[in-house]
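As a plain string of letters, each chain reads:
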Amino acid sequence: MREILQVLALIFLFTSCEVINPDEPDPSFIYIEEFEIANQPGQGTNDHKISEIWAYADDQIVGVYDLPAKIPVLNKGNTNLSFFAGIKNNGLSLMRIKYPFFYGHEVDLNLTANSVDTIRPTFGYFEDLSIVQKDYDGNTPSMIPLNSNEGEISMISNTEDVFEGERCGYYRLLAGSTNLAFKEDQNLSLESGNTIFLEFNYSCNNIFNIGLISRENNTDVKNLAVIINPTTEGLQNPVWNKIYIDLGLIVKERVDAQYFEIYFEAIPDQSGKEIELYLDNLKLVQF
């Protein structure tokens, strides 16, 4: 009798496990190897640093995927799929977000188990954005020294150094000098509570800071946004990177500011070091 009860208990245990953990349905798959950026005239460079794809099925999040991606979807039949471009906010891997200024890619598919559909999403800026851009292809730089810095400000047209276009910004601090600091000579009207990003291409052989100077009661206040790591060591051809910097929080906190200016600053990380900083495609974007 005891053995019969043990057998019945085992049967009940296994059947209970089947109820608690039923077989999951086989998914269908969406394969994305690459995507396109479709900027309109006046929206600046098509260069980007989109790092992942955010995928949705019938408005429910499926996941966030690096490319190339084979995305499993449990939905069956006619399904609305949408995909959005993701970035590392402020260049930080732990702060991944959908880039708020890019429209997504939407498609309706009839999904079946174990099928694989390949798509190539297209992303681009919304049309109703305020975009202030600087590509350095003009004749004179608009950056000016900040206080009594010891750096040189210029533009270069050497094709081996320029990221794209005809010129890029070049900022140099000679060995033995103490501080490279400059600002964009443009008063910016930024609205508190708005979503505001600065994106740009850069190369530097030293840590540098970027932030906003807020003009408050006839006094300039420096507000640090991000500390950016070098892309290269020593003095050599630039190694370019791109970053998206969220400036909205600073603007939200400086409610009494009359206007803002973008600033850059670098202090040598070792004694006697010469600093080289290259900039291109500065783009301030807001709704």
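In case you missed it, the structure is sitting above this.
Quick summary incoming for the structure in this document. (Residues numbered from 1 in each chain as written. Predicted model: local features only at pLDDT ≥ 70, side-chain atom pairs only at ≥ 80, totals over all residues. Heavy atoms only, no water.)

On to the sheet that holds strand E1 (residues 28-32). Taken together, the three strands give an open sheet; going across it, the order is E5-E1-E10, and neighbouring strands pair in mixed fashion. Only two strands of the sheet have a single partner each, and these edge strands are strand E5 (69-73) and strand E10 (116-118). For this sheet, the mean inter-axis angle between neighbouring strands, taken without regard to orientation, is 25°. (Pairing = 2+ DSSP bridges. Helix = DSSP H or I, 4+ residues; strand = E, 2+ residues; numbered from the N terminus. Axes fitted to C-alpha atoms, helices over the stretch in contact; angles between N-to-C directions.)

With respect to the helices and strands, the residue Val107 is situated in strand E9 (residues 105-111). The sequence separation of Val107 and Pro121 amounts to 14 residues, and the corresponding C-alpha distance is 9.2 Å. With near-sequence residues (within four places) excluded, Val107 lies in contact with Thr79, Asn80, Leu81 and Phe83. (Contact = heavy atoms within 4.5 Å.)

Glancing now at the pattern of salt bridges. Oppositely charged side chains are able to pair whenever their charged atoms sit close together. All told, the structure shown has twelve salt bridges when counted by the stated rule. Here Glu36 ties to Arg120 by a salt bridge, and the two come within 2.8 Å at their closest N and O atoms. Here Glu36 is found in strand E2 (residues 36-37), whereas its partner Arg120 is found in the loop between E10 and strand E11 (122-125), with 84 residues between them in sequence. Residue class for Glu36 comes out partly exposed when judged on its relative accessible area of 36%. In this structure, Asp220 engages Arg215 in a salt bridge whose closest nitrogen and oxygen atoms are separated by 3.0 Å. Residue classification places Asp220 among the partly exposed positions, given a relative accessible area of 40%. Shared partners join several salt bridges into a network, and the residues in it are Glu34, Glu36 and Arg120. (Salt bridge = Lys/Arg side-chain N within 4 Å of Asp/Glu carboxyl O. Buried < 20%, exposed > 50% of the residue type's maximum accessible area, 1.4 Å probe, protein only.)

What follows deals with empty space enclosed by the protein. This structure, assessed with the given rule, holds one cavity of 30 Å³ or more. Considered as a void within the structure, the largest cavity measures approximately 30 Å³ in volume. If you trace the largest cavity, you find it lined by Ser203, Cys204, Asn205, Thr232, Gly234, Gln236, Pro238, Glu276 and Tyr278. Looking at the lining of the largest cavity, the elements that each hand over two or more residues are strand E17 (196-204) and strand E22 (275-286). Partitioned by chemical class, the residues of the lining of the largest cavity number three nonpolar, five polar and one charged. (1 Å grid on protein atoms, 1.4 Å probe; cavity = no way out; pocket = protein on both sides within 12 Å on 5 of 7 lines; lining within 4 Å. Points joined across faces, edges and corners; volume = space filled by probe spheres on them. Nonpolar A, V, L, I, M, F, W, Y, C, P; charged D, E, K, R; others polar.)

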